[in-house]
Amino acid sequence: MSRINNFNEYEEHCSLAKTDHNAYWSKIAEEFHWYQKWDSVQSGNFNDLNIKWFDGGKTNMSYNCLDRHLESKGDKVALIYEDNDPKIPAKNYTYKELHAEVCRFSNVLKEKGIKKGDRVCFYMSMVPELLVGVLACTRIGAIHSVVFGGFSAKALAGRIQDSDCKILITNDGGYRGDKIIPLKNIADEALETCPSIESMLVMKRTLSETKWNQERDFDLRTLMDAASPICECEQMDSEDPLFILYTSGSTGQPKGLLHTTAGYMVYAKHSFENVFQVEENDIYWCTADIGWITGHTYITYGPLLSGATTVMFEGVPTWPDAGRFWEICDKLKVTHFYTAPTAIRALEACDLSHVTKHSLSTLKVLGSVGEPINEEAWDWYNRNIGKEKCPIVDTWWQTETGGILISPLAGITKLKPAHATLPLPGVLPVLVDPEGKEVEGNPAEGNLCMKTPWPSIARSIWGDHERYKQTYFTTYPGYYFTGDGAKRDEEGFFRITGRVDDVINVSGHRMGTAEVEEAINEHPGVVESAVVGCPHNIKGQGIYAYVICSDKELQKENLHKELNDLIVNMIGPIAKLDDLQITPGLPKTRSGKIMRRILRKIAADDTNNLGDTSTLLNPEIVELLIEGKKK
Ligand code: WTA
């Protein structure tokens, strides 16, 4: 029932999900293991914001990812782990082995006092213990919060404090190409301001020198080796929290999006199976990091819920050389390859011999995620990697949506370069105009909203339900507002044009301009700043800052370095400025608001049509900014 095999079936699924979504999702949910069946399929809406799916049901994520498969495919490979070092052979974990590892990890957590509802923070590189650890949390009902290993000590501490995590799991160091990221040292610094953390479990990976706090720090492997490989699952209510994942928005500090158990689980499997169309002996590889939502839903949960084989890679695409991804595809016989446009563009810029050396003959389906994929990158991917025989699924979704909402289904939906095409069954996207009226007919353009809840929508922001409401449901009351703009062509195919709010997307990483400004404003010589996205060949968007300085002697190069040091300290290297401009002022409206539209255009050298500047308090600043940009 749940598998869509052709376009007719896709249309049937959409039609049923629209006319009777309770009946539709109930059928899909029946394929899972439940301790107790739900009372109601869906309740709540975008006005009351008390959205529930499968309420009254009891289930367990880890059981559905692992135990459910043990009888039929216990010896099937669940996880293939590819080391950063190409000389080290890949390591396979069968479903049975992964199950035992997860049970051991669960027992370690229990032994450290972790109970249902406690928050567990992970700050790790891509080691198998990260995937094992998040599954272990779900097994015992703890809530995981994975923080990407590229964030700074301050950023990590902020996230730990926000959700009062009780334990931190890290590794001594993480390999990334020829670099070692000193995760434990950064974690030590973060923990100076995190009183809620009782213990830190450390996975020894790089064997780097680290400090050791005898009372607080424990060697994860030693504990796991001593732990039992048997652990009962906790029976979880459908709406019990599953995980928190922090992401950036247009205002303030990152927010902890809260995902709950059953709806997320049902949608992760259903979307994975239908978008990628993975078959029994396929090898599926998503190159994301588990620190982001893509790694949660489409490295870990979706593939394992489906009983597929998922690949996890520790390294980077360009080390030891730019053929690393393609070498892995051949070596592991990868059939499904899912990556981000920024990686495609970076590899496109390298010599083609890095690709042609490898056969890529096992590939069947390619995927793209995280940012709009431009036509040129789409064509390159299609021609050189897919050899014009692999459908490319351009999957649009967000941390908030939990799973893919708009995407072709591989081999089923007609493709159109740079278009995410059509919504998945049960997803009702609309385009609205600035007044919040739905734009009817095709073609059309507007702000992308969703009309009704789907199972994996984030239910809240941790500790701040009001902010959840303000952020997503007040711009257009009654709708979920995505923050993205989109177009719909004559056939109704969607093309996502990018963020329409103050979020920038740098190499597929979401960055709030406010967070970066906050870091810049820490500099004693800075009076005020405004950060915008600017076009960037590889990253999609770069970070461009306009800075007003009190110290007129400050040189641009020195300031650039000092600001980047501050940013690395407060956020992490992913938020470094690509360029900056020292300016005597910023364009402001009479009410004192910075007119960012103008700043974006100047940063993009697109100054022919700046629009109406007559409402500015200081229109003369515009020419100065344009002149300043040229320097
Ligand atoms: C952008 C990543 C165009 C979009 C899964 C969205 C995309 C933000 C696509 C969410 C795509 C993601 N085409 N834009 N296929 N996929 N985006 O939360 O702006 O890290 O709002 O989730 O990435 O980023 P997030």
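Residues numbered from 1 in each chain as written. Predicted model: local features only at pLDDT ≥ 70, side-chain atom pairs only at ≥ 80, totals over all residues. Heavy atoms only, no water.

**Description of the overall build of the protein**
And then number 1: Tallying secondary structure elements over the protein gives 19 helices and 31 strands in all.
And then number 2: The globule rule puts the C-alpha radius of gyration for 631 residues at 25 Å, and the 24 Å found for the protein is close to it.
And then number 3: Across its three principal axes, the protein shows a C-alpha extent of roughly 75 × 60 × 55 Å.
And then number 4: Buried residues in the protein amount to 60% of all 631 residues.
And then number 5: Total accessible area on the protein stands at roughly 24,000 Å², and carbon and sulfur atoms take up 49% of it. (Helix = DSSP H or I, 4+ residues; strand = E, 2+ residues; numbered from the N terminus. Rg over C-alpha atoms; globule rule 2.2 N^0.38 Å. Buried < 20%, exposed > 50% of the residue type's maximum accessible area, 1.4 Å probe, protein only. Areas by Shrake-Rupley, 256 points an atom, 1.4 Å probe, with all protein chains shown as cover.)

**Side note on the nonpolar core**
And then number 1: Ranked by size, the top nonpolar core spans 113 residues in total, and within it F54, L98, L109, F122, F276 and Y301 carry the most contacts.
And then number 2: Among the elements that make up this core, the one with the highest residue count is helix α9 (residues 261-276) (9 residues).
And then number 3: For Y301, the contacting residues outside a window of four places in its chain are M61, C65, V134, L135, T138, H144, F243, Y264, A268 and H296.
And then number 4: Core analysis: the next-biggest nonpolar cluster, separate from the first, contains 42 residues, Y123, A190, V202 and C549 among them. (Core = buried A, V, L, I, M, F, W, Y, C linked by side-chain atoms within 4.5 Å. Contact = heavy atoms within 4.5 Å.)

**Describing unusual backbone geometry**
And then number 1: Going from W319 to P320, the amide bond is cis rather than trans, its omega being -5 degrees.
And then number 2: Within the secondary structure, P320 sits in the loop between β18 (309-313) and α11 (324-332).
And then number 3: Following N442, the chain continues to P443 via a peptide bond in cis, the omega torsion being -5 degrees.
And then number 4: Mapped onto the elements of the fold, P443 is located in the loop between β22 (429-432) and β23 (444-450).
And then number 5: We note that T421 has phi near 65 degrees; this positive angle belongs to a residue other than glycine.
And then number 6: Here T421 lies in the loop between β21 (392-395) and β22.
And then number 7: Given the relative accessible area of 0%, T421 is considered buried.

**Focus on the sheet that holds β21**
And then number 1: Pairing is mixed across the open sheet formed by 7 strands, whose spatial order is β6-β5-β18-β17-β19-β20-β21. The two strands at the open ends of the sheet, each matched to only one other strand, are β6 (91-94) and β21. Between one strand axis and the next, the sheet turns by 20 degrees as a mean value, whatever way the strands run.
And then number 2: Bridge count between strand β17 (residues 283-286) and β18: 3 bridges; the pairing is parallel. Bridge pairing in β18 places Y284 opposite T310.
And then number 3: Docked against the sheet, α11 engages β5 (77-82), β17, β18 and β19 (336-339), running at close to 145 degrees with respect to β5. (Pairing = 2+ DSSP bridges. Axes fitted to C-alpha atoms, helices over the stretch in contact; angles between N-to-C directions.)

**Details of helix α3 (residues 61-73)**
At 3.6 residues per turn, the α-helix brings residues three or four places apart onto the same side.
And then number 1: For α3, with 13 residues, the first-to-last C-alpha span of 18 Å sits near the 18 Å given by 1.5 Å per residue.
And then number 2: The set of residues buried in α3 consists of M61, S62, N64, C65, L66, D67, H69 and K73.
And then number 3: The inward-facing, buried residues of α3 abut β4 (58-59), α4 (95-111), α5 (128-140), β15 (241-247), α9 and α10 (293-305).
And then number 4: Put simply, N60 is the residue that caps the front of α3, since its side-chain oxygen is 2.8 Å from the backbone nitrogen of S62. (Expected span 1.5 Å × (residues − 1). Polar contact = N/O pair within 3.5 Å; in protein donor to acceptor, adjacent residues only side chain to side chain.)

**A few points about the state of the cysteines**
And then number 1: Taken as a whole and assessed by the stated rule, the structure comprises 0 disulfides.
And then number 2: The structure places no disulfide on C137, whose sulfur is separated from the nearest cysteine sulfur, that of C165, by 9.7 Å.
And then number 3: For the unlinked cysteine C286, the closest cysteine sulfur is that of C329, found at 12 Å. (Disulfide = S-S within 2.5 Å.)

**Section: helix α18 (residues 596-603)**
And then number 1: Of all the residues in α18, the buried ones are R596, I598, L599, I602 and A603. Seen from one end, α18 has its buried residues packed into an arc of 155 degrees, which puts them on one side.
And then number 2: Check the buried side of α18 and you find it contacts α16 (513-520), β29 (526-536), β30 (540-549) and α19 (621-630).
And then number 3: D605, located one to two residues past α18, shows a positive phi value of around 55 degrees. (Arc of directions from axis to C-beta.)

Geometric values such as these leave the question of function open.
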